[in-house]
Amino acid sequence: MTIGEVISIMRGAVTEIISIIGPVLGLALIVGLVVAILQAVTSIQEQTLTFLPKLLVILLAIALLGGMMFTSLGDYTVALFNRIPDFAK
């Protein structure tokens, strides 16, 4: 196994992680921003107020996108297992 193959595996893993978690983190970021704007407008400075909306959005996103996430991760894992014989050369 060469350095190029290791870098290729790592790049694929990072890309896979970003593609899986990106939508969930993006939604959490948007909800956090909206709640922060509402807090600034209404002068409510409660730090724990953003927790529940973010938690609900993250759980909803995982419920809706969970199948796609597991399918994508499973495909990546199968592709890695299929490359194992090539690594032994």
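Thresholds, definitions, all that
- Residues numbered from 1 in each chain as written.
- Predicted model: local features only at pLDDT ≥ 70, side-chain atom pairs only at ≥ 80, totals over all residues.
- Heavy atoms only, no water.
- Helix = DSSP H or I, 4+ residues; strand = E, 2+ residues; numbered from the N terminus.
- Rg over C-alpha atoms; globule rule 2.2 N^0.38 Å.
- Buried < 20%, exposed > 50% of the residue type's maximum accessible area, 1.4 Å probe, protein only.
- Contact = heavy atoms within 4.5 Å.
- Areas by Shrake-Rupley, 256 points an atom, 1.4 Å probe, with all protein chains shown as cover.
- Lys, Arg positive; Asp, Glu negative; His and termini not counted.
- Charge placed at Lys NZ, Arg CZ, Asp CG, Glu CD.
- Patch = residues over 30% accessible without salt bridge, like charges linked within 9 Å, V, L, I, M, F, W, Y side chains within 5 Å.
- Salt bridge = Lys/Arg side-chain N within 4 Å of Asp/Glu carboxyl O.
- Axes fitted to C-alpha atoms, helices over the stretch in contact; angles between N-to-C directions.
- Parallel < 35°, antiparallel > 145°, perpendicular 65-115°, else oblique.
- Nonpolar A, V, L, I, M, F, W, Y, C, P; charged D, E, K, R; others polar.

Caption draft 1: Expanded view of the overall build of the protein. Tallying secondary structure elements over the protein gives two helices and zero strands in all. Taking 2.2 N^0.38 as the reference for a compact globule, 89 residues should give roughly 12 Å; the C-alpha atoms of the protein span a radius of gyration of 19 Å, well beyond that estimate. Of all 89 residues assigned to the protein, the portion counted as buried reaches 17%. The long-range share in the protein, meaning contacts at least 24 apart out of those at least 6 apart in sequence, stands at 71%. Approximately 6,600 Å² of the protein is accessible, and the part contributed by carbon and sulfur atoms is 77%. Computing the positive centroid from 4 side-chain charges and the negative centroid from 5, the protein places the two 6 Å apart.

Caption draft 2: Molecular detail of a nonpolar patch on the surface. Taken together, F51, L52, L55, L56 and L59 make up a surface patch of nonpolar side chains, about 510 Å² in accessible area. Counting through the fold element by element, L56 comes out in helix α2 (residues 51-87).

Caption draft 3: Broad picture of the side chain of T50. Position of T50 among the secondary structure elements: in the loop between α1 (3-42) and α2. Here T50 falls in the buried class, since its relative accessible area comes to 17%. Residues contacting T50, with those up to four places away along its chain left out, are V35 and Q39.

Caption draft 4: Highlighting the packing of α1 against α2. Interhelical geometry of α1 versus α2 gives an angle of 175° and a closest axis separation of 11 Å. One way to sum up the angle between α1 and α2 is to call them roughly antiparallel. Across the contact of α1 with α2, the residue classes break down as 20 nonpolar, four polar and four charged.

Caption draft 5: Structural view of unusual backbone geometry. Look at S43: it is not a glycine, yet its phi comes out positive at around 60°. In this structure, S43 sits in the loop between α1 and α2.

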